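Structural overview
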Amino acid sequence: MKTTYREAVREAIREAMHRDERVFLMGEDVGRYGGCYAVSKGLLEEFGPERIRDTPLAESGFTGAGIGAALGGMRPIVEIMTVNFSFLALDQIVNNAATLLHMSGGAFNVPLVIRMATGGGRQVAAQHSRSLEGWYAHIPGLRIVAPATLDDARGMLWSALEDPDPVILFEHVLLYNMEGELPEQAGPVSIEGAAVRREGTDVSLITFGIGVFKALEAAEVLAEEGVSAEVLDLRSLRPLDDRAILETVRKTHRAVIIDEGWRSGGISAEISARITEGAFYDLDAPPARVCGVEVPTPYPEHLERAALPQVPDIVEAARGLLSGGEGDVA
Amino acid sequence: MSKPYRMPSLGAGMEDGTVIEWHVEPGQRVRRGDVVGVVDTEKGAIEIEIWEDAEVLEIVADPGTKVPVGEPLLVLAGQGDDDDRSPSAQESVEAATPGSAEAESPALEDVWDESEAAPEAAPVEAAPRLRVSPVARRRARELRVELESLEGSGPGGAITLADVESAARGEAGEEEAPDSAGQEPPSSPPRPKDEEPGDKDRHAAMRKAIAVAMTRSKREIPHYYLAHAFSLERTLRWLSRVNEERRPAERLLLASLYLKAVAKSVREFPEFNGFWDDGGFRPAPGVHPGMAISLRGGGLVAPAIHDADQRSLEELTKGIRDLVQRARSGHLRGSEVADPTITLTSLGDRGVETVFGVIYPPQVAIVGVGSVVERPWAVGGMVGSHRVVTLTLAADHRASDGHRGSLFLDRIARHFETPEDL
């Protein structure tokens, strides 16, 4: 069945709504407008305003309401339009959702799912183009997943709803239009563990979200040069699948980490550190990173492109690990 | 607080050593400077010393075991255990014992940190650290590949896994072709007893060590050479006058004058006393000239006479006699072979007039002295018969220039000519 990432997410919401009457969707413009990225188009008609709820522009308020609903036994899906606006709800997410199980001595789980769009590349400038998955991956008490493929877009939501604790799903804005084949009977998939999307022997390209497709493209280019690249889709950013990360590095002895987020203090830094800690004696070169340039994401198309990781950057970084370069990969 | 005592690096190119015997046992207290055991290396049997007061808790490497440089030999309990030292005293002990098991440097840093009284003494490494990827270093140890001899093909010229494996294929031929299927061989397999290096093996190993060091020297070090001949007449007369009154065992050796002249001069020319590593010159805080001593059966070692600039001619004479005897009987100490800061070579009485040395890396200079020969020599318009010697200097042009080299050589000659001031 030919479909898009957007439709896969919508199907996932529909399935959840049908399977469990405690599930409802809440967020800005998710009802009448059909969602900022048209994910929830048609759902208001199908499920009615009780279960597809438009909220005011008040992220802290409706995220808090979602936490309350979850505590009260519901299974809310809170859509925060983009990660950029989630800062307004940081207190609810970090101070409440992530900690209530702990603060209540194990008495109250918060079975909340938050969906957010993330990332740049649509020329919507610095305040709407961030990739701050790494911030949330820093917080114990949250589970952070990043569906990249159609299967994961279709299958991760139900598993996230089944998790008794808060889960944040990050959907990259450039993926919504991605088309591909999805089996008719596609259903829930695990939200745990990384997945090898392409096998290789010479270098591991470790990434998530949109990075997976850039890495796969880079692997094609490298293959033409006789370099066999393995692509690891992390899928889950918290917890990280250490075993899969170390396994691929032990196999190829070289790692390039690709993250649209900034290098300093980012999730790429964490992955690099774990590789160094866990597979130091298997490394044939220092881990390399391809990250977003450390500037507010520019508005002009050519500057935005230059500020985000691109296929040639990944190819270049991989080459640098394989052949005698002029010096350190800084 | 227990900590390992690791296999020291006893010179550039040393990869491992075999424990011959221990002079200590678990429970025994040792003091700084004690010889705790003997290790067989390509330079012969070396007595290894301990650099702190401690108690031996456990012997990790039994006699017969081959241990890579930087790997634990003993487990020690530091001073902090059984007396109430201040925390800072404990910290300083810990600071002197780097925890990492890196291949060459830590053990040697211990030696330096402790042997230099001055607290600001900079740690000195035996050799500039090669750029080797971690997996390549591990594999090289497994395959017994000499990293020094490899050209790196990786980022920044680093030696990679592929470099090591192709070198192993080239060297080992059919008998030890590496398994490229990725199957892990047991790490650091212990050498069976019947493969212990005998004298013959040791000479072969020493030849190989000399080959590695000298090849590296000639490949990396841009040598320049200077020579200076001068009359030794005055010095030799002074020496025979002094020695006339002494019993044979107490007579000064000409070599002690030579050693002292070099040691005093190098104080004024510090760019010849130290190490070239990590792309720069690091002067050594002390003057520890290595005396090149040829061994019976071939090969040579250049153990250090520590702080030669501060010792009397009597002490130096005694030191030289002791060192030559111990070098030839194979009882050198770890600190002596590990830390020379400049090398002196002499071909002795039966040698030729001039010797140009090859610098022992990472040192930056070697001073040579030829045989004393009788030659017609003009002084003040008069030609007479003089006993003449030719001093030479081979120095690293990265660290010093010929002008300074020539002043240095001239200064040595002047000290040599005025032995009463030495």
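You'll find the structure just up there.
Predicted model only: the values in this text are computed from it and were never measured. (Residues numbered from 1 in each chain as written. Chains lettered and ligands numbered in written order. Predicted model: local features only at pLDDT ≥ 70, side-chain atom pairs only at ≥ 80, totals over all residues.)

Next up on the list: helix 7 (residues 254-268) of chain B. Residue and element names in this part refer to chain B. Along its 15 residues, helix 7 runs 22 Å from first to last C-alpha, staying within 8% of the 21 Å computed at 1.5 Å per residue. Counted residue by residue, helix 7 has 11 buried out of 15 residues, so it is predominantly covered. When we look at burial in helix 7, the residues that qualify are Leu254, Ser256, Leu257, Tyr258, Leu259, Lys260, Ala261, Val262, Ala263, Ser265 and Val266. (Helix = DSSP H or I, 4+ residues; strand = E, 2+ residues; numbered from the N terminus. Expected span 1.5 Å × (residues − 1). Buried ≥ 20, exposed ≤ 12 C-beta atoms within 10 Å, placed from the backbone.)

Residue and element names in this part refer to chain B. The end-to-end C-alpha separation of helix 10 (residues 402-417) is 22 Å, in line with the 22 Å expected for 16 residues at 1.5 Å each. The complete set of buried residues in helix 10 reads Gly405, Phe408, Leu409, Ile412, His415 and Phe416. Projected onto a plane normal to the axis of helix 10, the buried residues spread over an arc of 125° and lie on a single side. Packed against the buried residues of helix 10 are strand 9 (223-231), helix 6 (233-244), helix 7, strand 17 (365-369) and strand 19 (382-396). (Arc of directions from axis to C-beta. Contact = placed C-beta atoms within 7 Å.)

Take the pairing of strand 14 (residues 288-292) of chain A next. Residues and elements named next belong to chain A. Within strand 14, 5 of the 5 residues are buried, which leaves the element mostly enclosed by the surrounding structure. Of the pairings in the sheet, the one linking strand 13 (residues 255-262) to strand 14 comprises 5 bridges and is parallel in character. By the bridge assignment, Asp259 is partnered in strand 14 with Cys291. Once the chain exits strand 13 it traverses helix 10 (residues 267-279) before rejoining the sheet at strand 14, and the crossover so formed is right-handed. (Pairing = 2+ DSSP bridges. Right-handed = clockwise from strand over helix to strand, strands pointing away.)

Here the focus is the interface of chain A and chain B. Facing the 14 residues of chain A at the interface are 12 residues of chain B. Classifying every residue of the side of chain A that touches chain B by side-chain character gives 6 nonpolar, 5 polar and 3 charged. (Nonpolar A, V, L, I, M, F, W, Y, C, P; charged D, E, K, R; others polar.)

Ranked by size, the top nonpolar core spans 113 residues in total, and within it Leu157, Leu205, Val256, Ile314 and Ala318 of chain A carry the most contacts. If we ignore the near neighbours within four places in the chain, the residues touching Ala318 of chain A are Val203, Leu205, Ala218, Leu222, Val227, Ala229 and Val256 of chain A. Core analysis: the next-biggest nonpolar cluster, separate from the first, contains 74 residues, Met7, Ala209, Val367 and Ile412 of chain B among them. (Core = buried A, V, L, I, M, F, W, Y, C linked by C-beta atoms within 7 Å.)

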